[in-house]
Amino acid sequence: MDCLVGTKQMVEVFDCPYISKKNNKKFQQDLIKYTKKTKCCEEENCNHPKIQSDLKIDRAFPVIDDSINNLFKTYLGTDKFKFIKKNVWSYYASKNSQLQSVVHNHMFKKEKGLQLSAVMYITPTKLGTDFTDFKIKPEINKWYLWHSGLFHHPEDGITPKDRIVLALATVIKNINI
């Protein structure tokens, strides 16, 4: 596990053996197909990126669910936890497209529990994620995990190749009594 640290912020980095074993052209094409087929939300004037999936991609791809469970077992040092809320989605930007760079966080205002968010780059890219005073320099098959209250946005730029990212926002309750 590595850490990226800003003045008052921290992102922890975790290798992901689950995704790295499955991350090939077929897996990437399946993710793109799912992302295009499912809609991020039902809002007329959706502020999400143009090609973002629904919040249940982990149910369609068991390897993603296994990967997330492993991430949190590793981070928390226990398997005694419960997801109160777990939103998992994919984002796809086709070759030569401009990334939509909207500053946001993933806080669930009415939820109680540990709120963590993460991102994983499925395809190689130089365009990472910007936080207030640091930037994720992306590597594929790694989870970048942070507190959901941290404001961030995709790095501004044009993707020279297809770009696929997995993201999640969670609320966790420790059940270790």
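Scroll up a little and you will see the structure.
Residues numbered from 1 in each chain as written. Predicted model: local features only at pLDDT ≥ 70, side-chain atom pairs only at ≥ 80, totals over all residues. Heavy atoms only, no water.

Regarding helix H4 (residues 62-76)
In step 1: With 15 residues, H4 should reach 21 Å at 1.5 Å per residue; the first-to-last C-alpha distance of 21 Å fits that figure.
In step 2: If you check which residues of H4 are buried, you get Val63, Ile64, Ser67, Ile68, Leu71 and Phe72. In a view along the axis of H4, the buried residues occupy a sector of 165°, so they form one face of it.
In step 3: A positive backbone phi angle near 75° is found at Gly77, which sits one or two residues after H4. (Helix = DSSP H or I, 4+ residues; strand = E, 2+ residues; numbered from the N terminus. Expected span 1.5 Å × (residues − 1). Buried < 20%, exposed > 50% of the residue type's maximum accessible area, 1.4 Å probe, protein only. Arc of directions from axis to C-beta.)

Points about unusual backbone geometry
In step 1: Of note in the backbone geometry, Asn96 takes a positive phi value of approximately 65° without being a glycine.
In step 2: Within the element layout of this structure, Asn96 appears in the loop between strand S3 (81-93) and strand S4 (114-121).
In step 3: Classification of Asn96 as exposed rests on a relative accessible area of 55%.
In step 4: One non-glycine residue, Asn141, adopts positive backbone phi at about 65°.
In step 5: The residue Asn141 is located in the loop between strand S6 (135-136) and strand S7 (142-147) in this model.

Structural notes on the side chain of Arg163
In step 1: Looking at where Arg163 falls in the secondary structure, it is placed in strand S9 (residues 163-174).
In step 2: The buried charged residue Arg163 lacks any salt bridge partner; its closest oppositely charged side chain belongs to Glu155, at an N-O distance of 6.9 Å.
In step 3: Within the local environment of Arg163, its side chain forms a polar contact with the backbone oxygen of Leu127, the two atoms lying 2.8 Å apart.
In step 4: The contacts of Arg163, once residues within four sequence positions are left out, are Tyr91, Tyr92, Ala93, Leu99, Tyr121, Thr123, Thr125, Leu127 and Gly128. (Lys, Arg positive; Asp, Glu negative; His and termini not counted. Salt bridge = Lys/Arg side-chain N within 4 Å of Asp/Glu carboxyl O. Polar contact = N/O pair within 3.5 Å; in protein donor to acceptor, adjacent residues only side chain to side chain. Contact = heavy atoms within 4.5 Å.)

A short note on the sheet that holds strand S8 (residues 152-154)
In step 1: The antiparallel open sheet is built from 3 strands, whose spatial order is S6-S5-S8. Sheet topology places S6 and S8 at the edges, where each strand pairs with a single neighbour.
In step 2: Where strand S5 (residues 129-131) and S6 come together, 2 bridges link them in antiparallel fashion. Bridging across to S6, Asp130 finds its partner in Lys135. (Pairing = 2+ DSSP bridges.)

Focus on the nonpolar core
In step 1: Counting 28 residues, the largest nonpolar core has Leu31, Ile64, Phe72 and Trp143 as the members making the most contacts within it.
In step 2: Looking at this core, the elements that each hand over two or more residues are helix H2 (25-37), H4, S3, S4, S7 and S9.
In step 3: Looking at which element gives the most residues to this core, the answer is H4, with 5 residues.
In step 4: Setting aside its immediate chain neighbours within four residues, Trp143 contacts Glu12, Val13, Phe14, Cys16, Ser67, Ile68, Leu71, Ala118, Val119, Met120, Leu166 and Leu168. (Core = buried A, V, L, I, M, F, W, Y, C linked by side-chain atoms within 4.5 Å.)

Some remarks on the environment of Asn70
In step 1: Relative to the helices and strands, Asn70 resides in helix H4.
In step 2: Taking C-alpha positions, Asn70 is 9.4 Å from Pro17, a pair spaced 53 residues apart along the chain.
In step 3: Not counting chain neighbours up to four residues away, the residues in contact with Asn70 comprise Pro17 and Tyr18.

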